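A structural walkthrough
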Amino acid sequence: VQLQASGGGLVQPGGSLRLSCAASGSFFGISTMGWYRQAPGKQRELVATITTGGKPDYPDSVKGRFTISRGNAKDTVYLQMNSPKPEDTAVYYCNANVIVRVGVRNDYWGQGTLVTVSS
């Protein structure tokens, strides 16, 4: 199972950016998917998660600015970043809880995509 993240780059404060992450490989299904980020010198932190049923969850730091969603096939996750702030600058990682086969689940991580918020 591989997760391929894309969409990072330079964005101005108050602008918008959309991250994508697609899962590929052999698996039975995918449960919760999410985005995490790690800024230089800081620990990795949660940005957003979304269940198979589409229920999102956000920490207060991004609530109201970021929106997580999943594709129709449920194997792709997106992060719409609106009104980003300089403190949102970080490497963003996608995560998926994959049902490898019935009764077996593993967590997988994408390779990370750098988001820089600067004017």
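Here the structure is shown first, and the text comes after it.
The text that follows walks through the structure, step by step, so that each part is easy to find. Everything numeric here is computed off the predicted structure, so don't read it as measured data.

1. Quick word on the pattern of salt bridges
Under the definition given, this model contains four salt bridges. Residues Glu45 and Arg37 are paired through a salt bridge, measuring 2.7 Å at the closest nitrogen-oxygen approach. What makes Glu45 partly exposed here is its relative accessible area of 36%. Using a relative accessible area of 6% as the deciding quantity, one classes Arg37 as buried. A salt bridge links Arg37 to Asp88; its shortest N-O distance comes to 2.9 Å. Pair noted here: Arg37 is in strand S4 (residues 29–38) and Asp88 is in the loop between strand S8 (76–82) and strand S9 (90–101), with a separation of 51 residues, a long-range link. Salt bridges linked by common partners bring Arg37, Glu45, Arg65 and Asp88 together as one network.

2. Structural notes on the packing of aromatic side chains
Summed over the entire model, instances satisfying the criterion amount to one aromatic pair. Centre to centre, the rings of Tyr36 and Trp109 are 5.1 Å apart; their planes meet at 65°, and the pair counts as edge-to-face. Here Tyr36, found in strand S4, pairs with Trp109, found in strand S10 (residues 104–109); they are 73 residues apart in sequence, far enough to count as distant. Judged by relative accessible area, Tyr36 falls into the partly exposed class, the value being 22%. Given the relative accessible area of 38%, Trp109 is considered partly exposed. Its end group placed over the ring of Tyr93, Arg44 keeps NZ or CZ at 3.8 Å from the ring centre.

3. Quick notes on the state of the cysteines
Scanning all chains against the criterion turns up one disulfide. The disulfide bridge from Cys21 ends at Cys94, spanning 2.0 Å between sulfur atoms. Between Cys21 and Cys94, the disulfide has an S-S torsion of 55° and is therefore right-handed. Here the residue Cys21 occupies a position in strand S3 (residues 16–24), and Cys94 occupies one in strand S9, the gap between them amounting to 73 residues. Considered together, Cys21 and Cys94 belong to a single accessibility category, that of buried residues.

4. So, the environment of Ala5
Topologically, Ala5 is positioned in strand S1 (residues 2–6). Judged by its relative accessible area of 5%, Ala5 falls in the buried class. Sequence-wise, Ala5 and Cys94 are 89 residues apart; in three dimensions their C-alpha atoms are separated by 6.7 Å. Once residues lying within four places of it in the same chain are set aside, the contact partners of Ala5 are Ser20, Cys21, Trp35, Cys94, Gln111 and Thr113.

Thresholds, definitions, all that
- Residues take numbers from 1 onward in each chain, read along the sequence in its written order.
- In keeping with the predicted nature of the model, local features appear solely for residues at pLDDT of at least 70, side-chain atom pairs appear and are counted solely at 80 or more, and the whole-chain, interface and lining totals rest on all residues.
- Only hydrogens and water are set aside; all other atoms, that is, all heavy atoms of the structure, feed into the side-chain values.
- By definition, a salt bridge exists where a carboxyl oxygen of Asp or Glu is found within 4 Å of a side-chain nitrogen of Lys or Arg.
- For each residue, the accessible area found with a 1.4 Å probe, counting protein chains only, is set against the maximum for its type, and the residue is called buried under 20%, exposed over 50%, and partly exposed in between.
- Helix numbering and strand numbering both begin at the N terminus, where a helix is a DSSP run of H or I of at least 4 residues and a strand a DSSP run of E of at least 2.
- The aromatic pairing rule takes the rings of Phe, Tyr and Trp, using the six-membered ring of Trp, and pairs them if the centres are within 6.5 Å, calling planes under 30 degrees apart stacked, those over 60 edge-to-face and the rest tilted.
- By definition here, charges over rings are those cases where NZ of Lys or CZ of Arg is within 6 Å of the ring centre and within 35 degrees of the ring normal.
- Any two cysteine sulfur atoms within 2.5 Å of one another count as a disulfide.
- Should any heavy atoms of two residues lie within 4.5 Å, those residues are considered in contact.

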